[in-house]
Each structure stands twice: as structure tokens, then as C-alpha cells.
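Structural characterization, general
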Amino acid sequence: MKVIKLDAIDSTNEFLKGLSNKQELENFTVVTAESQTKGKGQMGAVWASEASKNLIMSVLIKGFLSDICQIYNLNIAVSLAVIEVLETSKIPDLSIKWPNDIMSYNKKIGGILIENSIKSDGSIISIVGLGLNVNQTNFENLPKASSLAAICNTKFDKEELLFSIMDKIENNVKLWEQKSDFLWSNYTDKLFKKAVPMPFSNQNNQNFMGIIQGVSSVGKLQVLLEDDSISEFDIKEIQMLY
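This report concerns the structure included in the present document.

Brief notes about the overall build of the protein chain
Scanning the protein chain for helices and strands turns up five helices and twelve strands. Taking the principal axes of its C-alpha atoms as reference, the protein chain extends roughly 55 × 45 × 35 Å. Restricting to contacts in the protein chain with at least 6 residues of sequence separation, those with at least 24 account for 61%. For the protein chain, the exposed surface amounts to about 11,900 Å²; the carbon and sulfur share of it is 47%. Positive and negative charge centroids in the protein chain, built from 24 and 29 side chains respectively, lie 4 Å apart.

The structure is reproduced here in C-alpha cells:
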């Protein structure tokens, strides 16, 4: 595993993407930064992070996805890797808010953004970005955010977390064929607010009640509605209100 450490960068995802377009990189090449000015979240959201306090990383993964329909498998492998490491670090009440926010209690402590590109030979290259709030404790104007340090009242070693998470990601990716059913089941069990009646909002800003059942094979959220039907939603179609 090659690790490229940067001081400040606009986006580790963009840096790694650009680097992979210029040269052949070994699988699981990692880029980390102490700060980034244009960190990205889901659907164009900005990921803000206090300099030197948090784990900001992107990893190149190739040879895992062979079909565009399998893309969500990588979300599962990566998010569970993060959860497993945090469980070892005794972070309480962990869950995954669909599709890939890492939660402790009702607070977001991390987010994953996966960007895939299909090469001319049909192979799929993935850039996996992870932002994990580690030692930042000031979340003014971010009422739904927290960090490992804020929750546990202690400082954490970012580099130790980085290598532990990378070990788990590599392990999950390499063992996917043998463990896919187990990982899917584990991911479903870890879903934030699964099986709990929750308010949602749709694209038209209409509110409704539903109960999360799981996630489809292509990554759509499965929600039991009040008429006892189950509907599937993609990320742009639904928002959980909590």
C-alpha cells in the first residue's frame, strides 16, 4: 500500500483521480491531507474540516467492480471497514446512515464519497474518499455533526486509524466473493434507524412516514410505507428527517 501525504489540497479525491489519469498506480494507493479546501460530500455538498484535526483520505481501488450494477458493493465493503475499526476503538452506538454516512448516536462523524470511472477496456476504477471527524471538537453551526474526540472525550491517533481502516478495506475487498452475503447482512443490520418509524421528505418537499427495511442490490433505500407497500428510492429522491 502506497501512502501519499499532503499538507493542504483542494480535494484528495480530485488529486488521486488526476494522478491515476497520468500514471499507473498500484491498487490501494492512498492520499491523505491535513486540510482540504474543496472537500466533497454526496450530491455536491461541501465537506468542511478543521485543519490537522481529522482523517481526510482517498484510496484507489481497481479490480473489484466488474459490472456497473455492482457499484453499491463497494459502499458496503468500505463503510463496514470503517465501522469495524471504530468498534475496535470503542466508539459507541455506531450505524450507517444510508447510503454511507458514519453515525454515532444521532451525530454524523464521517462520510464516504465513491467516484467510479469506466475505462476503455471496460474496467472500473474507483476513488473512495473518506472524511472522518477525529479530534475536532468545535462544530458550531453543525448541530448534527460530532467527532470521536467529542464523543469519547479523548484524543485519537489519526495515522493509526488510517492504517487500520486500510487493512479492513483491503480485507473486505479481497474476501468479497466468500463474504458478500455476510457483509450485505451486516450492512443492513447497521443501517441508521432501520425498522423504526421515521419521517421522510421527497423530491417535492412532501413529508411522509416510513420504515427502513434495507437496501436493494443497486443501492436504493427500501422503505415500508403507511399503505404497507415497499418503495425504493435513490439518493436524490428521499431525505430522512431526524
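Some words on helix 2 (residues 71-88)
Counted at 1.5 Å a residue, the expected span for helix 2 with its 18 residues is 26 Å, and the 27 Å between its end C-alpha atoms agrees. Of all 18 residues in helix 2, 15 are buried, a share of seventy percent or more. Immediately beyond the C-terminal end of helix 2, within one or two residues, lies Lys 90, with a positive phi of roughly 65°.

With respect to helix 4 (residues 158-174)
For an α-helix, 3.6 residues make a turn, and residues three or four places apart therefore share a direction. Counted at 1.5 Å a residue, the expected span for helix 4 with its 17 residues is 24 Å, and the 24 Å between its end C-alpha atoms agrees. When helix 4 is considered as a whole, its buried residues turn out to be Lys 158, Leu 161, Leu 162, Ile 165, Met 166, Ile 169, Glu 170, Asn 172 and Val 173. Each buried residue of helix 4 lies within a common arc of 165° when the element is viewed along its axis, so the set occupies one face. Residues of helix 4 that are exposed and point more than 90 degrees away from the buried face comprise Glu 160, Asp 167 and Lys 174. Where helix 4 begins, the side chain of Asp 157 points an oxygen toward the backbone nitrogen of Glu 159, at a separation of 2.9 Å.

Some remarks on the sheet that holds strand 2 (residues 30-36)
The sheet built from seven strands is open, its strands ordered 1-2-3-7-6-5-4 with mixed pairing. One side of each edge strand has no neighbouring strand; the edge strands of this open sheet are strand 1 (3-9) and strand 4 (94-97). Averaged over all pairs of adjacent strands, the angle between their axes in this sheet comes to 20°, without regard to strand direction. Its contacts with the sheet place helix 1 (residues 12-22) against strand 1, strand 2, strand 3 (55-62), strand 6 (107-118) and strand 7 (124-132), and it is angled at close to 30° to strand 3. Helix-sheet contacts for helix 4 involve strand 1, strand 2, strand 3 and strand 7, and the interaxial angle to strand 3 is about 25°.

A short note on the packing of helix 4 against helix 5 (residues 176-189)
Direction vectors running N to C along helix 4 and helix 5 enclose 100°, while the axes themselves pass 6 Å from each other. Judged by the inter-axis angle, helix 4 sits roughly perpendicular to helix 5. Contacts between helix 4 and helix 5 involve Asn 171, Asn 172, Val 173 and Lys 174 from the former and Trp 176, Gln 178, Lys 179 and Leu 183 from the latter. Considering only residue class, the contact of helix 4 with helix 5 consists of three nonpolar, three polar and two charged.

Definitions and limits used
Residues numbered from 1 in each chain as written. Predicted model: local features only at pLDDT ≥ 70, side-chain atom pairs only at ≥ 80, totals over all residues. Heavy atoms only, no water. Helix = DSSP H or I, 4+ residues; strand = E, 2+ residues; numbered from the N terminus. Contact = heavy atoms within 4.5 Å. Areas by Shrake-Rupley, 256 points an atom, 1.4 Å probe, with all protein chains shown as cover. Lys, Arg positive; Asp, Glu negative; His and termini not counted. Charge placed at Lys NZ, Arg CZ, Asp CG, Glu CD. Expected span 1.5 Å × (residues − 1). Buried < 20%, exposed > 50% of the residue type's maximum accessible area, 1.4 Å probe, protein only. Arc of directions from axis to C-beta. Polar contact = N/O pair within 3.5 Å; in protein donor to acceptor, adjacent residues only side chain to side chain. Pairing = 2+ DSSP bridges. Axes fitted to C-alpha atoms, helices over the stretch in contact; angles between N-to-C directions. Parallel < 35°, antiparallel > 145°, perpendicular 65-115°, else oblique. Nonpolar A, V, L, I, M, F, W, Y, C, P; charged D, E, K, R; others polar.

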